[in-house]
Amino acid sequence: MVKICDVNNHSYSSRHGILPGDILISVNGNEINDVLDYRFYLTDRKLDLLLSRNGTEYSVSIKKNEYDDIGLEFETYLMDSKKSCKNKCVFCFIDQLPKGLRDTLYFKDDDARLSFLMGNYVTLTGLKDSDVDRIIKMHMSPINVSVHTTNPDLRCKMMNNRFAGKSLDYLKRFAKNNITLNCQIVLCKGLNDGDELLNTMHDLASLYPSVNSVSIVPAGLTKYRDNLYPLEPFSPDESKKIIQKVQNFALLCKKEYGSSIFFCGDEMYLKAGMEIPSPDYYEDFSQIENGVGMIASMLDEFDYAFDELDEFPSLPRKVSVATGNAAYKFICSLTERLEERFKGLEIKVYNIDNDFFGHNITVAGLVTGIDLINQLKDKSLGSTLYIPRTMLESEGKLFLDSMSIDEVSAKLNVKIETITNDGENFMRSLLGL
């Protein structure tokens with residue numbers, strides 16, 4: 001049962017007298033508990049709704065087209081509270097945050113519904129058999145799963161959850177019922193690397209094509225790890241060996257299944273000092289939001305837009321870009337091409353060290369407002385400072401340290417604009433087009 005908070009004017013629901021404050025109990029005899037129930041059963045052309053008003057039940061019948069909305073609004077997007085993570089993973093980034101940040105940053109999400117709806121990664125440890133049955137019945141696909149290892153005992157150890165190994169059985173059930181899975185392995189030195197990684201890749205490859213892709217990314221280690229499991233970052237040489245191991249196994253998968261399945265994150269290539277593979281290597285870019293193939297995609301988009309550009313910037317023009325250590329050289333390679341082509345264009349690229357979280361953190365998305373201020377306050381920034389959109393939360397206003405983009409702009413006395421991880425958008429923004 002879910003409470004209706006609003007009813008859209010002139011909708012099916014308003015025409016049938018449904019009011020804000022009413023309780024939706026069921027649709028066509030199916031109990032409604034959250035957004036998945038509601039959206040799944042709403043696709044029927046004829047709906048018999050059971051509702052309650054002030055404790056008295058009443059019924060409404062609606063005839064509509066298959067994908068028409070009936071105009072009900074609820075208190076939250078999920079029509080329910082988010083499900084939090086019960087694990088205590090040895091690499092958990094949230095456990096490595098300093099105190100004093102905004103409350104939302106400390107919430108550990110592990111909600112399979114958000115995996116399907118928003119692309120979040122889930123561990124499956126919070127699921128019950130009934131949850132798995134519903135996923136299969138509704139064919140919620142794809143689902144993004146944090147696997148880390150298929151060794152049950154090791155998974156329990158890494159997640160500090162005695163049920164973490166048993167939940168691996170759900171992968172097989174999903175595969176048997178044709179649920180697509182995009183999986184993630186957060187690699188921790190001395191735990192799930194080496195032979196454990198090889199065994200995990202073997203196990204996941206056996207579930208192809210349900211297991212559509214698997215990303216291998218290094219654990220992010222901040223300087224706030226007191227009293228946490230002792231983890232060390234991978235060295236450049238160790239990163240190179242991991243990439244070679246994954247690529248060799250992926251090559252076997254390509255021959256056997258027609259897909260590489262396994263892909264290392266861009267951060268690992270940058271750490272190893274290795275060239276990023278071509279866009280074709282990443283197939284359907286199913287893991288791009290996880291930092292896999294992002295640079296290859298951005299370069300491909302930039303190259304195409306660069307060659308097809310039929311507009312010219314107003315020159316002279318002086319702007320700046322701030323990014324993290326990992327992408328600094330790559331960003332410089334793009335801006336140098338623009339400066340060479342357009343005389344009178346000057347682009348300063350600034351490499352921001354992550355003093356806030358520690359220098360093991362090199363990705364641009366974790367750069368904070370205070371680090372931007374401290375490291376750019378005396379620099380030449382031009383008319384506009386461009387930053388990656390990923391530095392800000394979903395609404396595009398706050399950095400991780402809760403400083404707003406307007407505060408940073410005022411401190412640096414420069415206009416700040418964001419750029420998405422799109423090569424064409426990057427180029428056109430810097431050119432002022």
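Anything mentioned here points back to the structure above.
Brief notes about the overall build of the protein
A tally of helices and strands in the protein yields 14 helices and 15 strands. In terms of principal-axis extent, the alpha carbons of the protein reach across some 70 × 55 × 45 Å. The buried share among the 433 residues of the protein stands at 50%. Carbon and sulfur atoms form 48% of the exposed surface of the protein, whose accessible area is close to 21,000 Å². The protein carries 49 positive and 63 negative side-chain charges, and their two centres are separated by 3 Å.

A short note on the packing of helix H10 (residues 294-308) against helix H14 (residues 423-431)
Put simply, H10 and H14 touch, their axes get as near as 6 Å, and they point 55° apart. Between H10 and H14, the angle is such that the two are oblique. Seen from H10, the contacting residues are Met298, Glu301, Phe302, Ala305 and Phe306; seen from H14, they are Gly423, Glu424, Phe426 and Met427.

Some words on the sheet that holds strand E8 (residues 143-146)
The strand order across the open sheet built from 5 strands is E7-E8-E9-E10-E11, with neighbouring strands paired in parallel fashion. Among the strands making up the open sheet, the edge pair consists of strand E7 (121-122) and strand E11 (262-264). Judged from the 4 bridges that link them, E8 and strand E9 (residues 181-187) form a sheet pairing that is parallel. Opposite Ser146, over in E9, you have Gln184 as the bridge partner. The strands that helix H7 (residues 194-205) touches are E9, strand E10 (211-218) and E11; relative to E9, the one it contacts most, it runs at about 175°.

Overview of the packing of aromatic side chains
A complete count under the given rule lists 13 aromatic pairs for this structure. With centroids separated by 4.8 Å and ring planes inclined at 80°, the aromatic side chains of Phe356 and Phe357 adopt a geometry described as edge-to-face. Ring pairs connect the aromatic residues Phe263, Tyr281, Tyr282 and Phe285, which therefore count as one cluster. The ring of Phe306 carries Arg341 above its face, with NZ or CZ at 4.7 Å from the centroid.

Focus on helix H4 (residues 129-138)
Among the residues making up H4, those that are buried are Asp131, Val132, Ile135, Ile136 and Met138. A positive phi of about 50° marks His139, the residue just after H4.

Description of the nonpolar core
Formed by 96 residues in total, the largest nonpolar core has its most connected members in Leu24, Leu49, Phe174, Phe262 and Leu338. A total of 6 residues in this core trace back to one element, the largest contributor, which is H10. Those residues in contact with Leu49 that sit more than four places away from it in its chain are Ile18, Leu24, Ser26, Val27, Tyr58, Ser59, Val60, Ile62 and Ile70.

Cut-offs applied
- Residues numbered from 1 in each chain as written.
- Predicted model: local features only at pLDDT ≥ 70, side-chain atom pairs only at ≥ 80, totals over all residues.
- Heavy atoms only, no water.
- Helix = DSSP H or I, 4+ residues; strand = E, 2+ residues; numbered from the N terminus.
- Buried < 20%, exposed > 50% of the residue type's maximum accessible area, 1.4 Å probe, protein only.
- Areas by Shrake-Rupley, 256 points an atom, 1.4 Å probe, with all protein chains shown as cover.
- Lys, Arg positive; Asp, Glu negative; His and termini not counted.
- Charge placed at Lys NZ, Arg CZ, Asp CG, Glu CD.
- Axes fitted to C-alpha atoms, helices over the stretch in contact; angles between N-to-C directions.
- Parallel < 35°, antiparallel > 145°, perpendicular 65-115°, else oblique.
- Contact = heavy atoms within 4.5 Å.
- Pairing = 2+ DSSP bridges.
- Phe/Tyr/Trp six-rings, centres within 6.5 Å; stacked < 30°, edge-to-face > 60°.
- Lys NZ or Arg CZ within 6 Å of the ring centre and 35° of its normal.
- Core = buried A, V, L, I, M, F, W, Y, C linked by side-chain atoms within 4.5 Å.

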